[in-house]
Amino acid sequence: MTTGGSQGRLLRVGLTGGIGSGKSTVARLLRMMGGAVYEADLRAKALMVADGALRRGIVDLLGTEAYDGEELNRAYIASRVFGSEERLAALNALVHPAVERDFDAWVEELERRSVGRPAYAVEEAAVLIESGAADRMDRIVVVTAPLAVRIERVVRRDGASPEQALARVRAQMDEEQRLRYADHRVTADDRRLLVPQVVALHAALCRAAREEEERAER
């Protein structure tokens, strides 16, 4: 279902949603339908190890204990930042720009393809809005689910207690606030069929991509 053809700028799509919302499932379906998906949270962890400038910044901020050889010392980093809003903000100020540079380079590589060019490029990120990345997207997709469903998913997936899952939900942006940024909404509530919603979303994104191409050609 990939759209083909013209070379030019790819439509940039931001995909976000709270923990347990079903965002990752929607991302997988969009990839199957012809979109390219950049998983920002996974890439951030990789860049914190592989990006030399970012790594030096993290060591300057948190100390050499932030790394255990060539691996992130995640427990140590968590202990240093999650009790301090100032350190967490400073860490995010290092990581988020590195992720956005990496995303831009990834999209530019896709745009150069003459074969296997995707229909659009998706950045899947839990903190797409909070990081400011949403401002650079052509379309924003927000995945939602009822609170009880999200808590149940986090408990089942992560082995967390319901209280721990609720605390993780509440630590993130409020869902109503997130929806104010949405061009498209997908509801993954285990009651409505998800695949037809994502098929319709894919079609809408392909239309938007064609419209962008037509505007660029005028």
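In the block above lies the structure referred to throughout.
Residues numbered from 1 in each chain as written. Predicted model: local features only at pLDDT ≥ 70, side-chain atom pairs only at ≥ 80, totals over all residues. Heavy atoms only, no water.

> Honestly, the packing of aromatic side chains in this entry has me stumped. Any pointers?
For any pair of aromatic rings, geometry is given as the distance between the ring centres together with the angle between the planes. Scanning the entire structure with this criterion turns up 3 aromatic pairs. Aromatic side chains Tyr38 and Phe103 sit 5.3 Å apart centroid to centroid with 75° between the ring planes, which places their arrangement in the edge-to-face category. Linking Tyr38 in strand β2 (residues 36-39) with Phe103 in helix α5 (residues 85-111), this pair joins segments that are 65 residues apart in sequence. Seen from their ring centres, Tyr38 and Trp106 are 5.4 Å apart, and the 55° between their planes marks the pair as tilted. Taken together, the residues Tyr38 in strand β2 and Trp106 in helix α5 connect sequence positions 68 residues apart. Site record: aromatic cluster; members linked through ring pairs are Tyr38, Phe103 and Trp106. The aromatic ring of Tyr67 is capped on one face by Arg55, whose charged end is 4.1 Å from the ring centroid. (Phe/Tyr/Trp six-rings, centres within 6.5 Å; stacked < 30°, edge-to-face > 60°. Helix = DSSP H or I, 4+ residues; strand = E, 2+ residues; numbered from the N terminus. Lys NZ or Arg CZ within 6 Å of the ring centre and 35° of its normal.)

> Looking at this structure, I do not really get the pattern of salt bridges. What am I missing?
Between side chains of opposite charge, pairing is possible as soon as their charged atoms come close. Enumeration according to the criterion identifies 16 salt bridges in this entry. Glu39 is the salt-bridge partner of Arg31, the closest N and O atoms lying 3.5 Å from each other. Notably, a salt bridge pairs Arg150 with Glu175, separated by 3.5 Å at the nearest N-O pair. Here Arg150, found in helix α6 (residues 147-158), pairs with Glu175, found in helix α8 (residues 175-179); they are 25 residues apart in sequence, far enough to count as distant. By the burial criterion, Arg150 is buried, and Glu175 matches it. (Salt bridge = Lys/Arg side-chain N within 4 Å of Asp/Glu carboxyl O. Buried < 20%, exposed > 50% of the residue type's maximum accessible area, 1.4 Å probe, protein only.)

> What exactly am I supposed to notice about unusual backbone geometry here?
Among all residues save glycine, negative phi is the norm, and among peptide bonds the norm is trans. With phi around 70°, Asp190 is a residue other than glycine that occupies positive phi space. By the secondary structure assignment, Asp190 is in the loop between β7 (184-187) and α9 (194-217). Here Asp190 falls in the exposed class, since its relative accessible area comes to 61%.

> Before we go on, may I ask you to explain the pairing of strand β1 (residues 12-17) in this structure?
Successive side chains on a regular strand alternate, one facing one side of the sheet and the next facing the other. Within β1, 6 of the 6 residues are buried, leaving the element largely enclosed by the surrounding structure. A two-sided burial pattern is seen for β1, the buried positions comprising Arg12, Gly14 and Thr16 on one face and Val13, Leu15 and Gly17 on the other. Note that β1 and strand β5 (residues 121-124) share 4 bridges and pair parallel. Looking across to β5, one finds that Gly14 is bridged to Glu123. (Pairing = 2+ DSSP bridges.)

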